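One-letter residues, chain by chain:
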Amino acid sequence: MNCSEITNQYYRVNRLPHIWCAGCGHGTLTNTVVRAIDKLKLNKDEVVIVSGIGCSSRAPGYLDFNTLHTTHGRALAFATGIKLANPKLHVIVIMGDGDSSAIGGNHLIHAARRNIDITTIVFNNNIYGMTGGQFSPTTPYGDLATTAAYGNIDKPFDLCSLAQGAGATYVGRATAYHALLMQKLIEKGIQNKGFSFIEGLSLCPTYYGRKNKKGNPFKMHSFFKEYCIDKKLVDKDPEKGINKILIGEFYNNPQPEYIESYQVIIDMLQG
Amino acid sequence: MADEKLLLQNIPWCKGCGVCVGFCPTKVLKIKNGKCVIANSDKCIFCGQCELRCPDNAIYIGGKK
């Protein structure tokens, strides 16, 4: 196949090109997931990628691992079952912003609270892309969407703070532009024994970009370049963080993991 | 050695979004008839920006590394 070695190794190349629009950030973010798995040299047969419904959730269909495309918002519930049935597997969940925080909001907070060893990656494009550009829980205040013709009056979720507050033990954020940072965060997330939450800011040139006059995909990438700043820099000088989007590693605090705690009880009762 | 590397494309996968064209530091690429084409392959410095940013895996650096 006429593609790079890494694409040939980890993608179902007969399924490509993918369904995403020209310039969609999901393709770039999916590549970061693949590169992170390649860097960690994980056995393909021991990796499971689970997704729900939405643009982002098309990703596992193109990836050559054990993959599962589940119902809307319930990817984490299926993933919890997989992890409990076979704790050796590396379970990675790819969800969208609406899938993770609206339809599957309760699954997200409770999976985080349990601290089960699952790596959750959210492709956040600020909108429901697949269904026609309705506003999602992460559409910024005042921005336009199909169902917010005069501007969105809801306040957006800060997904990383939500996950951290709910009990995730590894939390980070990067963007489709900051692909190498995203790759590094996913690597550390997979290595973390517990619930890891990584938010990848994506771009939707078709709906969010067009509705809000954000320009072409290159301009939307450049927006991330200009307006994102690493949390470490803001910690040193808080003034740098004004009107910026924070990226980088936010929280890394390993705690007792759910499967291990569960095994302790099984061992205790079996004497 | 740079001359052992090659900038390669899988044109049927390209959707002509122009991200690689925008990020190419030496202006090797351009959009023609809705697809990305390698216009000045001599200028390529194999920085890998296009491969890193292409959402469609349609451009990559091949050859000997």
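Parameters and conventions
Residues numbered from 1 in each chain as written. Chains lettered and ligands numbered in written order. Predicted model: local features only at pLDDT ≥ 70, side-chain atom pairs only at ≥ 80, totals over all residues. Heavy atoms only, no water. Helix = DSSP H or I, 4+ residues; strand = E, 2+ residues; numbered from the N terminus. Rg over C-alpha atoms; globule rule 2.2 N^0.38 Å. Buried < 20%, exposed > 50% of the residue type's maximum accessible area, 1.4 Å probe, protein only. Areas by Shrake-Rupley, 256 points an atom, 1.4 Å probe, with all protein chains shown as cover. Contact = heavy atoms within 4.5 Å. Buried area = accessible area lost by both parts, 1.4 Å probe. Salt bridge = Lys/Arg side-chain N within 4 Å of Asp/Glu carboxyl O. Nonpolar A, V, L, I, M, F, W, Y, C, P; charged D, E, K, R; others polar.

Asker: Would you explain the overall build of chain A in this entry?
Answerer: A tally of helices and strands in chain A yields twelve helices and ten strands. Scaling as 2.2 N^0.38, a compact globule of 271 residues should have a C-alpha radius of gyration of about 18 Å, and chain A matches this with 18 Å. Every one of the 271 residues in chain A was classed for burial, and the buried ones make up 52%. For chain A, the exposed area adds up to about 12300 Å²; of that, 53% sits on carbon and sulfur atoms.

Asker: I would appreciate a short explanation of the interface of chain A and chain B in the present structure.
Answerer: How big an interface is tends to be reported as the loss of accessible area on association of its parts. At the interface, 27 residues of chain A touch 18 residues of chain B. With both sides pooled, the region where chain A packs onto chain B buries about 1900 Å², and carbon together with sulfur makes up 58% of that total. Interface area lost by chain A to chain B is led by A:Asn2, A:Pro17 and A:Phe218, which between them contribute 25%. Our enumeration of links across chain A and chain B arrives at zero salt bridges. Of all the elements in the fold, those that place two or more residues in the side of chain A that touches chain B are α2 (25-39), α8 (179-191) and α10 (217-227) of chain A. The greatest single-element share of the side of chain A that touches chain B, amounting to four residues, is contributed by α2(A). Among the residues forming the side of chain A that touches chain B, the class breakdown is 17 nonpolar, nine polar and one charged.

Asker: Explain the pattern of salt bridges to me, please; I cannot follow it from the model alone.
Answerer: Side chains that differ in sign of charge can pair as their charged atoms come close. Residues and elements named next belong to chain A. Across all of its chains, the model carries eight salt bridges over all chains by this definition. With its nearest N and O atoms 3.5 Å apart, the salt bridge here joins Lys83 to Asp117. With Lys83 in helix α4 (residues 75-85) and Asp117 in the loop between α6 (105-114) and β4 (118-124), the pair connects residues that are 34 residues apart, well separated along the chain. Overall, the relative accessible area of 10% leaves Asp117 in the buried class. Ionic pairing is found between Glu199 and Arg173, a salt bridge with its closest N-O pair at 2.9 Å. With Glu199 in strand β8 (residues 196-201) and Arg173 in strand β7 (residues 170-175), this pair connects stretches of sequence that are 26 residues apart. Comparing Glu199 with Arg173, the two get one shared label, buried. A network of salt bridges, in which partner residues are shared, links Lys83, Asp117 and Lys193.

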